[in-house]
Amino acid sequence: MEVFSHNKKQTLFVVLFATLITLAVGQGTRLGFYRTSCPRVETIVQSVVQSAIRSNPTMAPGLLRMFFHDCFVNGCDASILIDGSSSEKTALPNSLLRGFEVIDAAKTQLETSCPGVVSCADILALAARDSVVETGGTGWPVPLGRRDGLVSRAADTANLPAFNDQVNVQIRKFTDKGLNTQDLVALSGAHTIGTAACALFSYRLYNYNNTNGPDPTIDTAFLPTLRNLCPNGGDGSRRVDLDPASVGRFDNSYYANLRNRRGVLESDAALWNDPTTQRFVQRFLGVRGLLGLTFNVEFGRSMIRMGNVEVKTGTQGEIRRVCSAIN
């Protein structure tokens, strides 16, 4: 019986992996893009990311969030990495991003091995995947061939998904990028790792919508914990785990938090409070009577889709020599 079960799991993995490979064909990107021009690209990026996360675990959610913020602003073109007084990096939604030095370190090594070949946009896509793997998640095949963008404007970040967006707003922002509601719920699962500053959610704890009380959708047993971490009028920069059930572990416990009304950010909590998205949360939890969804597999699928948003390929853009500056 054990052998049969093991073989079934192997077969399922092969089928799921083949499905991901089929999905990994996008707008000009493809698997094996650097097979001859820079065959060690994935090994080099993985090594740099592993070293960085083992030294500082906060780099994992940082790199994942950076890729998300890059793709949602003028496509996945590494414009988030460019320095400048009014670049994307300086915009308020990006002010707490971390991990830029990790991308720079990988780029430095790749410029030694394969000068002028690998784009910063592809390095960021690989680093996001490797961050998930390093925190216990399942990897996915990353199609490559992105080119680096030539423009980075803080003003363009206005439509990034925000911590207080309601579901209809979140769905619109994802739809605008060619992503559907399942992608929204799957990619929100990235909050299974990482933290949020008290300033981003403490308004839910004390005087929500000028009611003189907390957001009524928060579990009353969870409220004292959040208030203790973020006292009224306290340090707004203090960081709080987004998934206290399994800190630093890439798993589907994030969805159980939502079901238990323990979503920290209002945008997360909204996914359970709206029937449009609640159904997908339930499917990730394997609720009886609904077709189940495997979080790690669907997350990889949605990352492939997001990674092909408005990409620049062929002769578009450039291959930057340094990720923080246009050539």
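Residues numbered from 1 in each chain as written. Predicted model: local features only at pLDDT ≥ 70, side-chain atom pairs only at ≥ 80, totals over all residues. Heavy atoms only, no water.

It is worth spelling out the packing of helix α4 (residues 100-113) against helix α5 (residues 120-134) at this point. Between α4 and α5, the shortest axis-to-axis distance is 10 Å and the interhelical angle comes to 120 degrees. On the basis of the axis angle, α4 is oblique to α5. In this structure, the crossing between α4 and α5 has a hand that is right-handed. Packed against α4, whose contacting residues are Ile-103, Ala-106, Lys-107 and Leu-110, the element α5 presents Cys-120, Ile-123, Leu-124 and Ala-127 at the interface. Residue classes in the contact of α4 with α5 are distributed as seven nonpolar, no polar and one charged. (Axes fitted to C-alpha atoms, helices over the stretch in contact; angles between N-to-C directions. Helix = DSSP H or I, 4+ residues; strand = E, 2+ residues; numbered from the N terminus. Parallel < 35°, antiparallel > 145°, perpendicular 65-115°, else oblique. Left-handed = near helix turned anticlockwise from the far one by under 90°. Contact = heavy atoms within 4.5 Å. Nonpolar A, V, L, I, M, F, W, Y, C, P; charged D, E, K, R; others polar.)

This brings us to the confidence of the model for the protein chain. Mean pLDDT over the protein chain works out to 92, with 92% of the residues at or above the 70 mark. For the stretch residues 21-26, pLDDT sits under 50, and the model shows ten contacts to residues farther than four places along the chain or on other chains. (pLDDT = per-residue confidence, 0-100.)

Before going further, it helps to spend a moment on helix α2 (residues 41-55). Over its 15 residues, α2 runs 22 Å from end to end, which matches the ideal 21 Å to within 8%, given 1.5 Å per residue. Turning to α2, its buried residues are Val-41, Ile-44, Val-45, Val-48, Val-49, Ala-52 and Ile-53. The buried side chains of α2 occupy one side of the element, clustering within an arc of 150 degrees when seen end-on. Summarising the contacts, the buried residues of α2 are in contact with α3 (59-71), α4 and α5. (Expected span 1.5 Å × (residues − 1). Buried < 20%, exposed > 50% of the residue type's maximum accessible area, 1.4 Å probe, protein only. Arc of directions from axis to C-beta.)

Before going further, it helps to examine the packing of aromatic side chains. For the structure shown, the criterion picks out 14 aromatic pairs. With a centroid separation of 5.4 Å and 75 degrees between ring planes, the pair formed by Tyr-255 and Phe-295 is classed as edge-to-face. Placement of the pair is Tyr-255 in helix α10 (residues 253-259) and Phe-295 in helix α13 (residues 295-306), with a sequence separation of 40 residues. With respect to class, Tyr-255 is no different from Phe-295; both count as buried. The structure contains a cluster of three or more aromatic residues connected by ring pairs, namely Trp-140, Phe-250, Tyr-254, Tyr-255, Phe-284, Phe-295 and Phe-299. Cation over ring: Lys-89 sits above Phe-100, and NZ or CZ is 4.3 Å from the ring centre. (Phe/Tyr/Trp six-rings, centres within 6.5 Å; stacked < 30°, edge-to-face > 60°. Lys NZ or Arg CZ within 6 Å of the ring centre and 35° of its normal.)

In protein chemistry, a disulfide is the covalent bond that joins the sulfur atoms of two cysteines. By the definition in use, this model includes four disulfides. Between the sulfur atoms of Cys-120 and its disulfide mate Cys-323 the distance is 2.1 Å. Residues Cys-120 and Cys-323 are joined by a disulfide whose S-S torsion is about -100 degrees; by sign, that bridge is left-handed. With Cys-120 in helix α5 and Cys-323 in the segment after α13, the pair connects residues that are 203 residues apart, well separated along the chain. Relative accessible area serves as the criterion here: at 0%, Cys-120 is assigned to the buried category. Note that Cys-198 is cross-linked by a disulfide to Cys-230, the S-S spacing being 2.0 Å. Since a negative S-S torsion denotes a left-handed disulfide, the Cys-198-Cys-230 link at about -75 degrees is left-handed. Of this pair, Cys-198 sits in the loop between β1 (195-197) and α8 (203-206) while Cys-230 sits in the loop between α9 (223-229) and β2 (239-241), placing them 32 residues apart in sequence. Looking at Cys-198, the relative accessible area reads 2%, which means it is buried. By sequence order of its bonded cysteines, the protein chain has the disulfide arrangement 1-4, 2-3, 5-8, 6-7. (Disulfide = S-S within 2.5 Å.)

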